[in-house]
Amino acid sequence: MRRPRKHSVPVEHTRRYLEPGPVVLLSTAHRGERGIMTLGWYMMLGYDLVGTYLWQANRSHALAKRSRECVINLPTDALLDTVVGIGNCSGREGDKFERFGLTAHAATDVGAPLIAECHANFECRLHETRISADYPLFVWRVIRAHVAPRPVWPRTVHYRGDGRFMIAGPTRSRRALFRPDMLDN
């Protein structure tokens, strides 16, 4: 195996290499207010637990904290400009569903709306919070998942930093190399 030559980079570039996964749109609602935020800082903590970093200055932080619910929506590359636009404005400036022409569908089990244009929607209830002076971590339990049957592997968007995105591409199977108990069935 070839050993690549490496050079030092600023530590703030770490996210360009370790960003956890596709960018998502987090929708929230509380007492007639609803919001959407673009979110890249989250992590899977188990099969049905997701940790999200919701900055306290975001309107979505307050809505999520009060309602104790959210929907994690998975956009595809067709929504890339919308994802960036949502991330570049505040819900205090107006309803983002209307501003970006998105369809809010009622969720099955939570008060936050699903974004119909997204490939998948994950209804979540707050499992616990770890809000400190340093970081506001929300741990969500996914209680219902809605996923479009096609495409099986959607072209999701992944933020690389510096205004650049990677679009998910070809999928390669290594299923035969896994122990059977390590596979999703």
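Residues numbered from 1 in each chain as written. Predicted model: local features only at pLDDT ≥ 70, side-chain atom pairs only at ≥ 80, totals over all residues. Heavy atoms only, no water.

Caption draft 1: Helix α3 (residues 80–87), seen in detail. L80, T82, V83, G85 and I86 are the residues of α3 that are buried. Where α3 is buried, its residues meet β1 (24–30), β2 (33–39), α4 (96–99), β10 (157–161) and β11 (164–167). (Buried < 20%, exposed > 50% of the residue type's maximum accessible area, 1.4 Å probe, protein only. Helix = DSSP H or I, 4+ residues; strand = E, 2+ residues; numbered from the N terminus. Contact = heavy atoms within 4.5 Å.)

Caption draft 2: Local environment of the pairing of β2. Note: β1 against β2, seven bridges, orientation antiparallel. Following the sheet pairing, H30 is matched in β2 by E33. Count of turn residues in the β1/β2 antiparallel hairpin: two residues, of which R31 carries a positive phi of about 45 degrees. (Pairing = 2+ DSSP bridges.)

Caption draft 3: Molecular detail of the packing of aromatic side chains. Across all of its chains, the model carries three aromatic pairs by this definition. Taken together, a centroid distance of 5.7 Å and an interplanar angle of 10 degrees make the contact between F138 and W140 stacked. Judged on exposure class, the residue F138 and its partner W140 are both buried. (Phe/Tyr/Trp six-rings, centres within 6.5 Å; stacked < 30°, edge-to-face > 60°.)

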